[in-house]
Amino acid sequence: MAVTVADSGSQTATISTEHTLSTQTTAGVYTLAVDANAMAAGDTLVLRVYGKARSSDSERLMFESAYSDVQADPLKLSFAVISPHHFKATLTQTAGTGRAFPWAVYAA
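Quick summary incoming for the structure in this document. (Residues numbered from 1 in each chain as written. Predicted model: local features only at pLDDT ≥ 70, side-chain atom pairs only at ≥ 80, totals over all residues. Heavy atoms only, no water.)

**A closer look at a nonpolar patch on the surface**
Consideration 1: A contiguous nonpolar surface patch, about 480 Å² in accessible area, is contributed by Val 3, Val 5, Leu 75, Leu 77 and Tyr 106.
Consideration 2: By relative accessible area, Leu 75 is classed as exposed at 52%. (Patch = residues over 30% accessible without salt bridge, like charges linked within 9 Å, V, L, I, M, F, W, Y side chains within 5 Å. Areas by Shrake-Rupley, 256 points an atom, 1.4 Å probe, with all protein chains shown as cover. Salt bridge = Lys/Arg side-chain N within 4 Å of Asp/Glu carboxyl O. Buried < 20%, exposed > 50% of the residue type's maximum accessible area, 1.4 Å probe, protein only.)

Below, the structure written as structure tokens:
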């Protein structure tokens, strides 16, 4: 199985705004990768992944992780999500100075 980049970009965070990075509706296994190297003391970052049990269901939170201050291991990865129909990744910076975060969604 080949791994590809399904989507990528850079998101400059607006404090307390949940930014949608990518929504995938094709069946696959997806992982969110975010480079948090720009984080400084006082910054807080929240990454979320949403999915659906069935295509007709409401979107639900599947993964959430929060990071604060300078990161010793700045490349953040979500767990691999198997989805036949829906994967959405978001980024929210809740404190500090709005930073630019390079990101990618890997697909297999």
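Moving on from the coordinates now.
**Concerning the nonpolar core**
Generally speaking, a soluble globular protein has its nonpolar side chains buried in company with each other.
Consideration 1: In terms of nonpolar packing, the biggest core is built from 20 residues, with Leu 32, Val 34, Leu 45, Leu 47, Phe 87, Leu 91 and Phe 101 touching the most fellow members.
Consideration 2: Counting residues per element, the ones that place at least two in this core are strand S3 (28-35), strand S4 (44-51), strand S5 (60-68), strand S8 (87-95) and strand S9 (100-107).
Consideration 3: Counting residues per element, this core draws most heavily on S9, at four residues.
Consideration 4: Ignoring anything within four residues of it in the chain, the contact list for Leu 47 reads Leu 32, Val 34, Phe 63, Glu 64, Ser 65, Tyr 67, Lys 76, Thr 90 and Leu 91. (Core = buried A, V, L, I, M, F, W, Y, C linked by side-chain atoms within 4.5 Å. Helix = DSSP H or I, 4+ residues; strand = E, 2+ residues; numbered from the N terminus. Contact = heavy atoms within 4.5 Å.)

**Looking at unusual backbone geometry**
Consideration 1: Even without glycine at this site, Ser 16 takes up a positive phi of about 70°.
Consideration 2: The topology assignment puts Ser 16 in the loop between strand S1 (4-12) and strand S2 (18-24).
Consideration 3: Positive phi outside glycine occurs at Asp 69, with the angle close to 65°.
Consideration 4: Take Asp 69: it is sitting in the loop between S5 and strand S6 (75-77).

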